[in-house]
Amino acid sequence: MKRKAAAIISALLVIGTLAALIFVHVPTKQGVNYEVRSYSMPLYIKMIEFLDRDYQYRRIVREIVSGKTSDGEKAVAIFDWCVRNIKHQPKELAIIDDHPYSIIVRGYGVDDQLEDVFTILCTYAGYEAFYKMFRTPAGKDNFISFVKFGGKWHAFSAWGNAYPRDDGGHPVPVEDLRPQPTYLAPFLVSLPNFDPPSFLEEIGKMRFEATSMRVKGQSLPGRISYYLKKLVTR
């Protein structure tokens, strides 16, 4: 009888502790026109919003890639969806930076935000993906996304609605860009600040590795994996 009572008390203590924890307020941040403000919300609300965003990403990707068979078709379908559904940031509206899913809901974003959404959706489709800023010798910036499928990395610009492609319209692997820079013509036409020589030099020495928590950490398994890897490599 005593053991049963102790077990009940222990269970109630655990439940009570967990209940108290989920009502604890935790910080979150939002940037408006590059000014960041912090505010707090109950942990359970933050958890619910996280799980809701994760579900929405999965739903969107399932719909986008439905009926597509090859990895290339799926990546291009995600790319086309981003171009159609996320417009360039209107100058009269505030630049808001919080959760990437909010960019999808608003339907507009600045250059790096489009690449953010594109690489996150590619990650949910099962591909390694990340984006990177490239600075030209004149000090101008471009953001280019990289997605790995078919064992090779490919470059995309969701903002510029452009990617290196062959005569059949298929994405060209990054490794083919240096020996044949004419493949970069779509970037050169669509990105006013694009500088082929500096871009080719940079990709020749950069590490192609999808390590960003913002991209990989939108799902619960991805976030846990990110922090475990960070803990092990510390």
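The notes below deal with the structure included here. Every chain begins its residue count from 1, and numbering advances along the sequence as written. Local features in this predicted model are restricted to residues whose pLDDT is 70 or higher, and side-chain atom pairs enter the listing and the counts only when it is 80 or higher, whereas totals over whole chains, interfaces and linings include all residues. Hydrogens and waters are ignored; side-chain quantities use all the structure's heavy atoms.

## Let's talk about the overall build of the protein
And then number 1: Strands are runs of DSSP state E lasting at least 2 residues, helices are runs of H or I lasting at least 4, and numbering of each runs from the N terminus. Looking only at helices and strands, the protein features nine helices and eight strands.
And then number 2: We call a residue buried when its accessible area falls under 20% of the maximum for its residue type, exposed when it is over 50%, and partly exposed in between, using a 1.4 Å probe and counting protein chains only. Looking at the protein as a whole, 38% of its 234 residues qualify as buried.
And then number 3: Any two residues having at least one pair of non-hydrogen atoms within 4.5 Å are treated as being in contact. Within the protein, contacts between residues separated by at least 24 positions form 47% of all contacts whose residues are at least 6 apart in sequence.
And then number 4: As displayed, the protein has an accessible area near 13700 Å², and 58% of this comes from carbon and sulfur atoms. In short, Shrake-Rupley with a 1.4 Å probe defines the accessible areas, and a residue's cover is counted only from the protein chains shown.

## Some points on the nonpolar core
And then number 1: Only buried residues count toward a nonpolar core, which is a set of Ala, Val, Leu, Ile, Met, Phe, Trp, Tyr and Cys residues joined through side-chain atoms within 4.5 Å. With 30 residues, the main nonpolar core has Ile64, Ile78, Ile104, Phe118, Leu121 and Val147 as its most contacted residues.
And then number 2: Contributions of two or more residues to this core are made by α2 (43–65), α3 (71–85), α4 (100–106), α5 (111–124) and β7 (141–149).
And then number 3: Leave out the neighbours within four places in its chain, and Ile104 touches Tyr57, Ile60, Trp81, Ile86 and Val117.
And then number 4: Core analysis: the next-biggest nonpolar cluster, separate from the first, contains 19 residues, Phe130, Trp153, Phe194 and Met206 among them.

## Side note on the packing of aromatic side chains
And then number 1: In this analysis, rings of Phe, Tyr and Trp, with Trp reduced to its six-membered ring, are considered paired at centre separations within 6.5 Å, and the interplanar angle assigns stacked below 30 degrees, edge-to-face beyond 60, and tilted for intermediate values. Inspection of every chain in the model, using the stated rule, returns 19 aromatic pairs.
And then number 2: Counting as a charge over the ring demands two things of the Lys NZ or Arg CZ atom: a distance within 6 Å of the ring centre and an angle within 35 degrees of the ring normal. Taking the ring centre of Phe134 as reference, the NZ or CZ of Lys132 above it sits at 4.7 Å.

## Quick look at the side chain of Thr136
And then number 1: Mapped onto the fold, Thr136 is located in the loop between β6 (128–135) and β7.
And then number 2: Each residue touching Thr136, except ones within four places of it in the same chain, is listed here: Asn142, Asn193, Asp195 and Ser198.

## Concerning α5
And then number 1: Taking 1.5 Å of rise per residue, the 14 residues of α5 would be expected to cover 20 Å, and the 21 Å separating its terminal C-alpha atoms lies within 8% of that figure.
And then number 2: Taking burial as the measure, the 14 residues of α5 include 11 buried ones, the bulk of the element.
And then number 3: What α5 keeps buried is the set Gln113, Leu114, Glu115, Asp116, Val117, Phe118, Thr119, Ile120, Leu121, Cys122 and Tyr124.
And then number 4: Looking one or two residues beyond α5, the residue adopting positive phi is Gly126, at roughly 105 degrees. What a helix is expected to span follows from its residue count: subtract one and scale by 1.5 Å.

## Section: unusual backbone geometry
And then number 1: Despite not being glycine, Asn33 has its phi angle at roughly 55 degrees, a positive value.
And then number 2: Turning to its location among the elements, Asn33 is positioned in the loop between β1 (25–32) and β2 (35–42).
And then number 3: Its identity is not glycine, yet Tyr34 carries a phi of approximately 70 degrees, on the positive side.
And then number 4: In this fold, Tyr34 is placed in the loop between β1 and β2.

## Thoughts on the packing of α2 against α3
Packed helix pairs are specified by the crossing angle of their axes together with the interaxial distance, meaning the distance between the axes.
And then number 1: Contact geometry for α2 and α3: axes closest at 9 Å, N-to-C directions at 115 degrees. In terms of axis orientation, α2 runs roughly perpendicular to α3. The element α2 and its partner α3 pack so that their crossing is right-handed. Contacts between α2 and α3 pair Ile60, Ile64 and Val65 from the former with Lys74, Ala77, Ile78 and Trp81 from the latter.
And then number 2: Only Asp, Glu, Lys and Arg are considered charged in this grouping, and only Ala, Val, Leu, Ile, Met, Phe, Trp, Tyr, Cys and Pro are considered nonpolar; every other residue, Gly among them, is considered polar. Of the residues assigned to the contact of α2 with α3, the class counts are six nonpolar, no polar and one charged. Lines fitted to C-alpha atoms define the axes here, with helix axes fitted over just the stretch in contact, and angles between the N-to-C directions of these axes take values from 0 to 180 degrees. Oblique is the label for any angle not covered by the other classes, which are roughly parallel (under 35 degrees), roughly antiparallel (over 145) and roughly perpendicular (65 to 115). Left-handed describes a crossing whose near helix is turned anticlockwise from the far helix through less than a right angle; right-handed describes the clockwise counterpart.

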